[in-house]
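# Structural features, examined
What follows is each chain in one-letter form.
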Amino acid sequence: MRLPASDPQYQQVTNDKGKQVCQENLIRYRNLTGICNDIYNPAMGSTHQLFARNVRFESTFPQLGE
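Residues numbered from 1 in each chain as written. Predicted model: local features only at pLDDT ≥ 70, side-chain atom pairs only at ≥ 80, totals over all residues. Heavy atoms only, no water.

## Some remarks on the confidence of the model for the chain
Of all residues in the chain, 88% have pLDDT values of 70 or greater, and the mean over the chain is 78. For the chain, the element scoring lowest by mean pLDDT is helix H3 (residues 57-60), at 70; helix H2 (residues 25-28) scores highest, at 79. (pLDDT = per-residue confidence, 0-100. Helix = DSSP H or I, 4+ residues; strand = E, 2+ residues; numbered from the N terminus.)

## Some remarks on the nonpolar core
One finds Leu3, Tyr10, Val13, Cys22, Leu26, Ile35, Cys36 and Ala43 forming the largest nonpolar core, which totals 8 residues. Once residues lying within four places of it in the same chain are set aside, the contact partners of Ala43 are Met1, Arg2, Leu3 and Gln49. (Core = buried A, V, L, I, M, F, W, Y, C linked by side-chain atoms within 4.5 Å. Buried < 20%, exposed > 50% of the residue type's maximum accessible area, 1.4 Å probe, protein only. Contact = heavy atoms within 4.5 Å.)

## Side note on the state of the cysteines
The final tally for this structure, using the stated rule, is 1 disulfide. Bridging Cys22 to Cys36, the disulfide has an S-S length of 2.1 Å. Between Cys22 and Cys36, the S-S dihedral sits near -80°, and the bridge is therefore left-handed. In this pair, Cys22 is assigned in the loop between helix H1 (10-13) and H2 and Cys36 in the loop between H2 and H3, connecting sequence segments 14 residues apart. As far as the burial class goes, Cys22 and Cys36 line up, both buried. (Disulfide = S-S within 2.5 Å.)

## Brief notes about the side chain of Thr14
Tracing the backbone shows Thr14 in the loop between H1 and H2. Contact partners of Thr14, with chain neighbours within four places excluded, come to Lys19 and Gln20.

## A look at the side chain of Gln20
Relative to the elements of secondary structure, Gln20 occurs in the loop between H1 and H2. In contact with Gln20, not counting residues within four places along its chain, are Arg2, Leu3, Tyr10, Val13, Thr14, Ile39, Tyr40 and Pro42.

Spelled out as structure tokens, the structure:
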């Protein structure tokens, strides 16, 4: 989950190889938008992102009779 180039913190998160990794003040303090809650996925858990549950599909919809 990468930050788009239009995001104000895009330059702080993106290194010269194009990889996005949160560092310095972005991981030291919580942001109002919620970016960098996950260091390697800056947009995960931030505002305007889809919320997914991290469970296996099989445990969500088990086969009946098993």
